[in-house]
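Observations on chain architecture
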Amino acid sequence: LLQCPRRSPLQSIPVRPPYVRSMTASHTFTGHTGNVRSVAFSPPGGALLASGSFDKTIKLWDRLTKNCVHTFTGHSNFVNFVAFSPPDGALLASAS
């Protein structure tokens with residue numbers, strides 16, 4: 001078993017690498033009717049982006065055109081996690 005080091009509750013944890021001075025959104029993908037809980041880029045190269053939402057759907061986006069290419073339905077609860085299979089991203093897994 002591995003144990004993670006304990007952190008003081010007051011210790012701050014950086015959210016971005018120290019060499020990144022600022023972060024700005026390059027694009028906002030719109031289409032979900034609930035908050036997005038999980039996103040994943042497809043390997044290799046990240047041509048597709050999958051997003052799982054509180055609206056119980058998964059949307060598959062084309063990263064270059066910024067269009068939604070498919071909406072997956074069928075979850076009976078919030079979609080908490082999406083992931084592409086390595087190494088080619090041929091499969092998409094989700095969990096609710």
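Figured I'd write up the structure that's included with this text. (Residues numbered from 1 in each chain as written. Predicted model: local features only at pLDDT ≥ 70, side-chain atom pairs only at ≥ 80, totals over all residues. Heavy atoms only, no water.)

1. Side note on the nonpolar core
- Ala40, Ala50, Ile58, Leu60, Val79, Val82 and Phe84 together form the largest nonpolar core, which totals seven residues.
- Those residues within four positions of alanine 40 in sequence are excluded, and the remaining contacts are Leu48, Leu49, Ala50, Val82, Ala83 and Phe84. (Core = buried A, V, L, I, M, F, W, Y, C linked by side-chain atoms within 4.5 Å. Buried < 20%, exposed > 50% of the residue type's maximum accessible area, 1.4 Å probe, protein only. Contact = heavy atoms within 4.5 Å.)

2. Topic: the side chain of lysine 59
- Secondary-structure assignment places lysine 59 in strand β3 (residues 58–62).
- Although lysine 59 is buried, it forms no salt bridge, and the closest oppositely charged side chain is aspartate 55 at an N-O distance of 5.8 Å.
- Setting aside residues no more than four positions away along its own chain, lysine 59 makes contact with Gly31, His32, Leu49, Ala50, Ser51, Cys68, His70 and Thr71. (Helix = DSSP H or I, 4+ residues; strand = E, 2+ residues; numbered from the N terminus. Lys, Arg positive; Asp, Glu negative; His and termini not counted. Salt bridge = Lys/Arg side-chain N within 4 Å of Asp/Glu carboxyl O.)

3. Observations regarding the pairing of strand β4 (residues 68–72)
- Relative to β4, β3 runs antiparallel, the two sharing four bridges. The residue of β4 that forms the bridge with tryptophan 61 is cysteine 68.
- Hairpin connection from β3 to β4: five residues lie between these consecutive antiparallel strands, with lysine 66 at a positive phi of about 70°. (Pairing = 2+ DSSP bridges.)

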